[in-house]
Amino acid sequence: MRTQSKDEKEDYEWYKLKSTILGVREKKSGGFSIKISQTEDIKSFVLLLIKILDYYKYQYMTFDIRGLKENIKNLYERELRNIGFGTYQGQNYVYQERPKIDDIVLIAIKPYIGTYERGHIKRILTGARYHPRGYKVMLNDKENTIGRIATVRKENHKKQIK
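Residues numbered from 1 in each chain as written. Predicted model: local features only at pLDDT ≥ 70, side-chain atom pairs only at ≥ 80, totals over all residues. Heavy atoms only, no water.

### Digging into the sheet that holds strand β5 (residues 86–88)
Pairing is mixed in the open sheet, where six strands are placed in the order β1-β2-β3-β4-β6-β5. Where the open sheet ends on each side, the last strands, each with one partner, are β1 (13–17) and β5. Between one strand and the next, the sheet's axes are offset by a mean angle of 40°, whatever the strand orientation. Summarising the sheet, β5 and strand β6 (residues 91–95) pair through two bridges and their orientation is antiparallel. Opposite Y88, over in β6, you have Q91 as the bridge partner. Lying on the sheet, helix α1 (residues 42–55) is in contact with β1, β2 (20–26), β3 (32–38), β4 (61–64) and β6; it crosses β2 at an angle near 25°. (Pairing = 2+ DSSP bridges. Helix = DSSP H or I, 4+ residues; strand = E, 2+ residues; numbered from the N terminus. Axes fitted to C-alpha atoms, helices over the stretch in contact; angles between N-to-C directions. Contact = heavy atoms within 4.5 Å.)

### Considerations on the pairing of strand β10 (residues 146–149)
Side-chain direction in a regular strand flips from residue to residue, so the side chains alternate between the two faces of the sheet. Sheet analysis places strand β7 (residues 104–108) next to β10, joined by two bridges and oriented antiparallel. Residue pairing across strands places I107 opposite I149, the latter belonging to β10. Here strand β9 (residues 136–139) runs beside β10; their pairing, made up of three bridges, is antiparallel. Across the sheet, residue V137 finds its bridge partner in β10, namely G147. What sits between β9 and β10 in their antiparallel hairpin is a turn of six residues, with N144 showing a positive phi close to 50°.

### Points about α1
Along its 14 residues, α1 runs 20 Å from first to last C-alpha, staying within 8% of the 20 Å computed at 1.5 Å per residue. Listing the buried residues of α1 in full gives S44, F45, V46, L48, L49, I52, L53 and Y55. (Expected span 1.5 Å × (residues − 1). Buried < 20%, exposed > 50% of the residue type's maximum accessible area, 1.4 Å probe, protein only.)

### A word on the nonpolar core
Membership of the largest hydrophobic core comes to 25 residues, with the highest contact counts inside it found for I34, F45, L49, I52, M61, F63 and F85. Looking at this core, the elements with two or more residues in it are β1, β2, β3, α1, β4, α2 (70–83) and β6. For this core, the element with the most residues is α1, which contributes seven residues. If you look at the next biggest cluster of nonpolar residues, it comprises nine residues, including I107, V137, L139 and I149. (Core = buried A, V, L, I, M, F, W, Y, C linked by side-chain atoms within 4.5 Å.)

Right, dumping it as structure tokens:
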């Protein structure tokens, strides 16, 4: 369910599960940022966060913990680490699922201006654990097409995250 917020100008997509509201926005530097608007229940926070991470699969995600109250911050930080958030280039809470061989993905082909190709991954070319612009992969097709895994935004994606 989408909610209104004073952060509308920041272009967040807001997701709600019980008492938890999380916002996601695409960053100009690459990847996505997750922000807490409100949370009172750790279980609904974890469930909603896992659904969001599954929807934005393979994308570089950072988590902004500034919205958490000091008395519960340690508990939520522990949950973020349990889910798989780590540190990268000075950012404390970063998450990106690494693709696997034979996964079906949509890649953007250079010069990354609207040329996309769908296929099975033959090789993962990005060696780093995280990559803000997306993992570079080679597809298992006749041309061995190379590109970065693209952001896939399905229509009605908010309904799928509920």
